[in-house]
Amino acid sequence: MNVLFLCTGNSCRSILGEATFNHLAPPGWRAMSAGSKPTGQVHPRSLALLAKEGMATDGYYSKSWDNLPATPDIVITVCASAAGETCPAYLGPVLRTHWGVEDPAHATGTDEEIDAAFRKAYRILRARIEAFLALPLDTLERDKTALKAELDKIGQLV
């Protein structure tokens, strides 16, 4: 199963989601990430945070949803509507869910405050990914309605 973490810029949240999912996922599950308007670079604080968490950071880059390496089965949008952010809508026959997370790339303040925004986004995404991977995936793969309901509930975890 291919999971796509999708946002606008593909520099922070979707990259954090992709890397964390791939770090934790069982065999047969793979994540990728993309943006509808990619920034062209991964935010350095995202890469630093992933490295600090013990995850490989090689090969991550900001990419467009037009150049996906595989067709997704599940699309998880991670845009945050609270900031008035427009979330891209992936078209195609996929299961879609929304896991809004504030964009740490827009955090302001001291270095500590900005780092805290990145850690918060990561912590939320990791908790949601862990909840996703704790589901009875073998069963839910065959019941897309139940899977969507579970993923929508997970999107409310903070």
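### Quick notes on the layout of surface pockets
Move 1: Size it by volume and the largest pocket reaches roughly 250 Å³.
Move 2: What lines the largest pocket is a set of 14 residues, and nearest its centre among them are Gly100, Val101, Glu102, Ile124 and Arg128.
Move 3: Here the element with the most residues in the lining of the largest pocket is helix α3 (residues 111-133); it accounts for five residues.
Move 4: Of the residues in the lining of the largest pocket, the class split is six nonpolar, four polar and four charged.

### Considering the packing of helix α1 (residues 13-24) against α3
Move 1: It is at 9 Å that the axes of α1 and α3 come closest, and there the two elements cross at 40 degrees. Regarding the angle of α1 to α3, the classification is oblique. Like other packed secondary-structure pairs, α1 and α3 cross with a definite hand, here right-handed. From α1, Arg13, Leu16, Gly17, Thr20, Phe21 and Leu24 reach across to α3, where they touch Phe118, Ala121, Tyr122, Leu125, Arg126, Ile129, Glu130, Phe132 and Leu133.
Move 2: Partitioned by chemical class, the residues of the contact of α1 with α3 number ten nonpolar, two polar and three charged.

### With respect to the pattern of salt bridges
Any two side chains of opposite charge can pair, so long as their charged atoms come close to each other.
Move 1: All told, the structure shown has seven salt bridges when counted by the stated rule.
Move 2: Note that Arg45 and Asp115 form a salt bridge whose closest N and O atoms lie 2.5 Å from each other. Placement of Arg45 in helix α2 (residues 44-52) and of Asp115 in helix α3 is noted, with a sequence separation of 70 residues between them.
Move 3: Its relative accessible area of 23% is what places Arg45 among the partly exposed residues.

### Brief notes about the sheet that holds strand β1 (residues 2-7)
Move 1: Across the sheet, four strands lie side by side as β2-β1-β3-β4; this open sheet has parallel pairing. Bordering the open sheet on either side are β2 (30-35) and β4 (95-98), each of which pairs with just one other strand. Adjacent strand axes in the sheet meet at a mean angle of 25 degrees, parallel and antiparallel pairs treated alike.
Move 2: As defined by bridge partners, β1 adjoins strand β3 (residues 74-77) across four bridges and the pair is classed as parallel. Opposite Leu6, over in β3, you have Thr77 as the bridge partner.
Move 3: Its contacts with the sheet put helix α5 (residues 144-154) on β3 and β4, and the angle it makes with β4 is roughly 15 degrees.

Definitions and cut-offs
Residues numbered from 1 in each chain as written. Predicted model: local features only at pLDDT ≥ 70, side-chain atom pairs only at ≥ 80, totals over all residues. Heavy atoms only, no water. 1 Å grid on protein atoms, 1.4 Å probe; cavity = no way out; pocket = protein on both sides within 12 Å on 5 of 7 lines; lining within 4 Å. Points joined across faces, edges and corners; volume = space filled by probe spheres on them. Helix = DSSP H or I, 4+ residues; strand = E, 2+ residues; numbered from the N terminus. Nonpolar A, V, L, I, M, F, W, Y, C, P; charged D, E, K, R; others polar. Axes fitted to C-alpha atoms, helices over the stretch in contact; angles between N-to-C directions. Parallel < 35°, antiparallel > 145°, perpendicular 65-115°, else oblique. Left-handed = near helix turned anticlockwise from the far one by under 90°. Contact = heavy atoms within 4.5 Å. Salt bridge = Lys/Arg side-chain N within 4 Å of Asp/Glu carboxyl O. Buried < 20%, exposed > 50% of the residue type's maximum accessible area, 1.4 Å probe, protein only. Pairing = 2+ DSSP bridges.

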